[in-house]
Amino acid sequence: DLDFRTFYLFNKEVNEAGKTVYTFKESIILEYLVAHYQALECIRKVANGKGEDSVLTAAMRDSMKRLPGTGDIWRMTFGLLNMDANTREIQKFLLEEIIEETKHADAMNSFDITALCVESIYESQNIGALAELIDEFTLNETLNYSNAQLQAARYPYTICAVGYLVRASPEIYGLHMSNFNLNEERINMLADP
């Protein structure tokens, strides 16, 4: 019973050629598996003594070129890299590469770039080296979320990520979040550890 062995994670479909095809029921599972692959590749290469410039595989470069669609994959990748202290140095390199790639991506606006960087730093819990890049993804060390269009379920996560960066980085000069309905509970998310 293949459905049982796949833990009911897949939809079973018949394609035009009459062959049975399995697709993921939830895209987040596929995204997590891609992030897991990216993190394991980085960990493996760091363990083998590879330098920053040889950490990125062709698949990872392709993933960067597909931003903003792969943004959540990169957030998860940074979170998974947090499990290995040896990856601290390459996280800065990866974020630099992502920032460079997003500068050339027409589909990403300044908010998308800022949100991706802030949330990647939050997931990595590596504020030291990564916060040095703040000038690369902010204007005058100011985080501007005022005109952000987010799903309601994403607001608490974004507020926690911004709060982490604001508390951990002395470089943040300003924070604009006018459309976030910052009530007492949400202010606590920004201020409490």
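Residues numbered from 1 in each chain as written. Predicted model: local features only at pLDDT ≥ 70, side-chain atom pairs only at ≥ 80, totals over all residues. Heavy atoms only, no water.

Caption draft 1: Expanded view of the environment of Glu100. Structurally, the position occupied by Glu100 is in helix α5 (residues 88-103). Separated by 36 residues in sequence, Glu100 and Glu136 have C-alpha atoms that sit 8.9 Å apart. (Helix = DSSP H or I, 4+ residues; strand = E, 2+ residues; numbered from the N terminus.)

Caption draft 2: Here's a closer look at the packing of aromatic side chains. Taken as a whole and judged by the stated rule, the model has seven aromatic pairs. Ring geometry for Tyr155 versus Phe180: centroids 4.6 Å apart, planes at 75°, classification edge-to-face. Within this pair, whereas Tyr155 is found in helix α9 (residues 155-168), its partner Phe180 is found in the loop between β4 (174-176) and α10 (184-191), the two being separated by 25 residues in sequence. Taking relative accessible area as the criterion, Tyr155 reaches 13% and is therefore assigned buried. (Phe/Tyr/Trp six-rings, centres within 6.5 Å; stacked < 30°, edge-to-face > 60°. Buried < 20%, exposed > 50% of the residue type's maximum accessible area, 1.4 Å probe, protein only.)

Caption draft 3: Looking closely at helix α3 (residues 58-65). Within the span of α3, buried status applies to Met60, Ser63 and Met64. Burial along α3 is one-sided: seen end-on, the buried residues are contained in an arc of 100°. Structural note: α3 exposes Ala58 and Lys65 on the side pointing more than 90 degrees away from its buried face. (Arc of directions from axis to C-beta.)

Caption draft 4: Spatial organisation of the confidence of the model for the protein chain. This prediction gives the protein chain a mean pLDDT of 86; 96% of its residues lie at or above 70. Element-level mean pLDDT values for the protein chain span from 66 in helix α1 (residues 2-5) up to 95 in helix α4 (residues 71-81). (pLDDT = per-residue confidence, 0-100.)

Caption draft 5: Layout of the nonpolar core. One finds Trp74, Leu94, Phe137 and Tyr145 to be the most contacted residues of the largest nonpolar core, which totals 49 residues. Here this core gets seven residues from one element, more than from any other, and that element is helix α6 (residues 110-124). (Core = buried A, V, L, I, M, F, W, Y, C linked by side-chain atoms within 4.5 Å.)

Caption draft 6: Examining the pattern of salt bridges more closely. This structure, assessed with the given rule, holds nine salt bridges. Put simply, Asp62 and Arg66 hold a salt bridge, and the shortest N to O gap is 2.9 Å. Judged by its relative accessible area of 33%, Asp62 is partly exposed. Among the ionic pairs, Glu119 bridges to Arg154, the shortest N-O distance being 3.1 Å. With Glu119 in helix α6 and Arg154 in the loop between β3 (142-144) and α9, this pair connects stretches of sequence that are 35 residues apart. Salt bridges sharing common partners tie together Asp72, Arg75, Glu119 and Arg154. (Salt bridge = Lys/Arg side-chain N within 4 Å of Asp/Glu carboxyl O.)

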